[in-house]
Amino acid sequence: MSYDLAQAEQAAYAPFFGYIGAASAQIFTVFGAAYGTAKSAVGICSMGVMRPELIMKSVIPVIMAGIIGIYGLVVAMVLKGKVTAASAGYTLDKGFAHLAAGLTCGLCGLGAGYAIGIVGDAGVRGTAQQPRLFVGMILILIFSEVLGLYGMIVALILGTS
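About the cut-offs
The numbering scheme is per chain: residues are counted from 1 as the chain's sequence reads. Per-residue local features are limited, in this predicted model, to residues with pLDDT of at least 70; the limit for side-chain atom pairs, both in listing and counting, is 80 or more; totals at the level of whole chains, interfaces and linings are taken over all residues. No hydrogens and no water enter the side-chain calculation; it runs on all heavy atoms of the structure. In the sections that follow, a salt bridge refers to a side-chain nitrogen of Lys or Arg positioned within 4 Å of a carboxyl oxygen of Asp or Glu. Secondary structure elements are taken from DSSP: a helix is a run of H or I of four residues or more, a strand is a run of E of two residues or more, and numbering for both begins at the N terminus. Only protein chains enter the accessibility calculation, which uses a 1.4 Å probe; a residue whose area is less than 20% of its type maximum is buried, one above 50% is exposed, and one in between is partly exposed. We define a nonpolar core as any set of buried Ala, Val, Leu, Ile, Met, Phe, Trp, Tyr and Cys residues linked to one another through side-chain atoms lying within 4.5 Å. Here, residues are in contact when the closest pair of their heavy atoms is within 4.5 Å. UniProt positions are given in the numbering used here, feature names are shortened, and annotations may be inferred rather than shown by experiment. Pairs of cysteine sulfur atoms within 2.5 Å are identified as disulfides in what follows. Under this definition, polar contacts are N or O atom pairs within 3.5 Å; protein pairs additionally need one hydrogen-donor-capable and one acceptor-capable atom, and for neighbouring residues in sequence, both atoms have to be side-chain atoms. Residues enter a patch when their relative accessible area is above 30% and they make no salt bridge; the linking distance is 9 Å between like charges and 5 Å between nonpolar side chains (Val, Leu, Ile, Met, Phe, Trp, Tyr). Shrake-Rupley sampling with a 1.4 Å probe provides the accessible areas, and residues are treated as covered by the protein chains on show and by no other component. Only Phe, Tyr and Trp rings are paired, with Trp represented by its six-membered ring, and only when their centres lie within 6.5 Å; those with planes under 30 degrees apart are stacked, over 60 edge-to-face, the remainder tilted. A ring is considered to have a charge above it if a Lys NZ or an Arg CZ atom is located within 6 Å of its centre and within 35 degrees of its normal.

Draft legend 1. A look at the pattern of salt bridges. Taken as a whole and judged by the stated rule, the model has three salt bridges. For Lys-39, the salt bridge is made with Asp-121, and the minimal N-O distance between the two is 3.4 Å. With Lys-39 in helix H2 (residues 14–50) and Asp-121 in helix H4 (residues 92–129), this residue pair connects regions lying 82 residues apart in the sequence. Classification of Asp-121 as buried rests on a relative accessible area of 10%. Residue Glu-53 pairs with Arg-51 through a salt bridge whose shortest N-O separation is 2.7 Å. Among the residues examined, Arg-51 registers a relative accessible area of 25% and is labelled partly exposed. Connected through shared salt-bridge partners, Lys-39, Asp-121 and Arg-125 make up one network.

Rendered as structure tokens:
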């Protein structure tokens, strides 16, 4: 009995992994964005009671959390465009690469969203009491956001190679 490795690589279920990768990119980044938005908004509402004039200045963490979801959308659309039918040459290797790309982007976005939410909540509350903390909060938010960007870059490299 012989085993045809080329035929085994073109399993009918290979596109399943590619689609799961695309879904993972979107789902996990949106979870991170939602958490970051909710957590930061709680801080903004709490701070707005004491210093209502700072509300618009304090919306920056919410905007940055929303950008995380866009990273997942970009990767999901790129991956979706790369997935084809198994009969058209889509192999398990490609499916697993797309799964890894989606999970990389999604989980990096989830972590970035958590970081943005926690920093945003504490940062806007602290800024209400000491305005000089604003620049430090923005720097920490930028470094938190870039974690999601790193995940998107790696996902695009994995998904297009």
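Having put the structure on the table, let's press on.
Draft legend 2. How the structure looks around the nonpolar core. If you look at the biggest cluster of nonpolar residues, it comprises 23 residues, and the most contacted ones within it are Ile-68, Val-75, Cys-105, Ile-116, Met-137 and Leu-141. It is helix H3 (residues 60–82) that provides the largest number of residues to this core, a total of seven residues. With residues up to four places along the chain from it excluded, the contact list for Met-137 reads Val-119, Gly-123, Val-124 and Thr-127. With seven residues, the next largest nonpolar core counts Ala-11, Ala-14, Tyr-90 and Leu-92 among its residues.

Draft legend 3. Spatial organisation of the UniProt feature "transmembrane region" (unreviewed entry) in the chain. Look at the UniProt record and you will see "transmembrane region" (unreviewed entry) annotated at residues 12–38, 59–79, 99–121 and 133–158. For residues 133–158, the end-to-end C-alpha separation is 38 Å, with 100% helix and 0% strand making up the annotated structure.

Draft legend 4. Main features of the UniProt feature "domain: V-ATPase proteolipid subunit C-like" (unreviewed entry) in the chain. Feature annotation in UniProt places "domain: V-ATPase proteolipid subunit C-like" (unreviewed entry) on residues 20–79 and 99–158, given in this structure's numbering. Its end C-alpha atoms 10 Å apart, residues 20–79 is made of 85% helix and 0% strand. Helix makes up 95% of residues 99–158 and strand 0%, with an end-to-end C-alpha separation of 9 Å.

Draft legend 5. Expanded view of the state of the cysteines. Here the structure, examined in full by the defined rule, presents zero disulfides. Free of any disulfide, Cys-108 has its nearest neighbouring cysteine sulfur in Cys-105, separated by 7.5 Å.

Draft legend 6. Layout of the environment of Ala-41. Relative to the assigned elements, Ala-41 resides in helix H2. Linking Ala-41 and Met-77, residues 36 residues apart in sequence, is a C-alpha distance of 29 Å.

Draft legend 7. Spatial organisation of the side chain of Asp-121. Here the side chain of Asp-121 touches Arg-125 through a polar contact of 2.7 Å, side chain to side chain. If we skip the residues at most four places from it in the chain, Asp-121 touches Lys-39, Ser-40, Val-42 and Gly-43.

Draft legend 8. Molecular detail of a nonpolar patch on the surface. On the surface, Ile-63, Ile-67, Ile-70 and Val-74 cluster together to form a nonpolar patch covering roughly 320 Å² of accessible area. Along the chain, Ile-67 turns up in helix H3. On the basis of relative accessible area, Ile-67 is assigned to the partly exposed category, the value being 31%.

Draft legend 9. Structural detail: the packing of aromatic side chains. This model, assessed by the stated rule, comprises five aromatic pairs. Aromatic pair Tyr-35 and Tyr-114: ring centres 4.3 Å apart, planes at 25°, arrangement stacked. Linking Tyr-35 in helix H2 with Tyr-114 in helix H4, this pair joins segments that are 79 residues apart in sequence. By relative accessible area, which is 41% here, Tyr-114 ends up partly exposed. An aromatic cluster of at least three residues, connected via ring pairs, comprises Tyr-13, Phe-16, Phe-17 and Phe-96. Looking at Lys-57, its charged tip hangs above the ring of Phe-134, at a distance of 4.4 Å from the centre.

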